[in-house]
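# Coordinate analysis (summary)
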Amino acid sequence: MGLIAGGDGLQFERAARPRIPVDTQRADGNWDEELATGTGFPKVFYLNYHLYKDYFPLLALTSFVKSRARSHA
């Protein structure tokens, strides 16, 4: 999202091409997420925001599509 905001959509497009998300996707359409995604108290508890893995990639992709639409209009 930083690349898009900085006007470097080409670098974002290159970064979005690797097949890692496709190759690591489970049969049910989700991905494994083994690490905690939020803060907490180390060695006591950690927060896990279950939708972060879905929300931020989608937000980045929609930002990219909108930026491309504006530049081609």
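This is a predicted model, so every value here is computed, not measured.

Criteria and cut-off values
- Residues numbered from 1 in each chain as written.
- Predicted model: local features only at pLDDT ≥ 70, side-chain atom pairs only at ≥ 80, totals over all residues.
- Heavy atoms only, no water.
- Helix = DSSP H or I, 4+ residues; strand = E, 2+ residues; numbered from the N terminus.
- Expected span 1.5 Å × (residues − 1).
- Buried < 20%, exposed > 50% of the residue type's maximum accessible area, 1.4 Å probe, protein only.
- Arc of directions from axis to C-beta.
- Contact = heavy atoms within 4.5 Å.
- Salt bridge = Lys/Arg side-chain N within 4 Å of Asp/Glu carboxyl O.
- Patch = residues over 30% accessible without salt bridge, like charges linked within 9 Å, V, L, I, M, F, W, Y side chains within 5 Å.
- Areas by Shrake-Rupley, 256 points an atom, 1.4 Å probe, with all protein chains shown as cover.
- 1 Å grid on protein atoms, 1.4 Å probe; cavity = no way out; pocket = protein on both sides within 12 Å on 5 of 7 lines; lining within 4 Å.
- Points joined across faces, edges and corners; volume = space filled by probe spheres on them.
- Nonpolar A, V, L, I, M, F, W, Y, C, P; charged D, E, K, R; others polar.

Another point: helix α4 (residues 52-71). The terminal C-alpha atoms of α4, which comprises 20 residues, lie 28 Å apart, in line with the 28 Å expected from a rise of 1.5 Å per residue. Among all positions of α4, only Ala60, Phe64 and Ser67 are buried. Along the axis of α4, the buried positions cluster into a sector of 70°, meaning they face one direction only. Of the exposed residues in α4, the ones pointing more than 90 degrees away from its buried face are Leu58, Val65, Lys66 and Arg70. Against α1 (2-5) and α2 (9-15) lie the buried residues of α4.

Mapped onto the secondary structure, Glu13 falls in helix α2. We classify Glu13 as partly exposed; its relative accessible area is 24%. Between the C-alpha atom of Glu13 and that of Leu61, which follows or precedes it by 48 residues, the distance is 9.5 Å. Setting aside its immediate chain neighbours within four residues, Glu13 contacts Phe64 and Arg68.

Now for the pattern of salt bridges. In this structure the tally under the stated criterion is 2 salt bridges. Arg26 is the partner of Asp28 in a salt bridge, and the nearest nitrogen-oxygen pair spans 3.0 Å. Using a relative accessible area of 34% as the deciding quantity, one classes Arg26 as partly exposed. Between Arg26 and Asp32 there is a salt bridge, with the nearest N and O atoms lying 2.9 Å from each other.

Okay, a nonpolar patch on the surface next. A contiguous nonpolar surface patch, about 890 Å² in accessible area, is contributed by Met1, Phe41, Val44, Phe45, Leu47, Tyr49, Tyr52, Tyr55 and Phe56. Here the nonpolar patch takes 3 residues from α4, the largest share from any one element.

The calculated volume of the largest pocket comes to roughly 350 Å³. Forming the boundary of the largest pocket are 13 residues, of which Ala16, Pro21, Trp31, Pro57 and Leu61 lie nearest the centre. Those elements that provide at least two residues to the lining of the largest pocket are α2, α3 (20-24) and α4. A per-element tally of the lining of the largest pocket places α4 first, with 6 residues. Grouping the amino acids of the lining of the largest pocket by side-chain chemistry returns 11 nonpolar, no polar and 2 charged.

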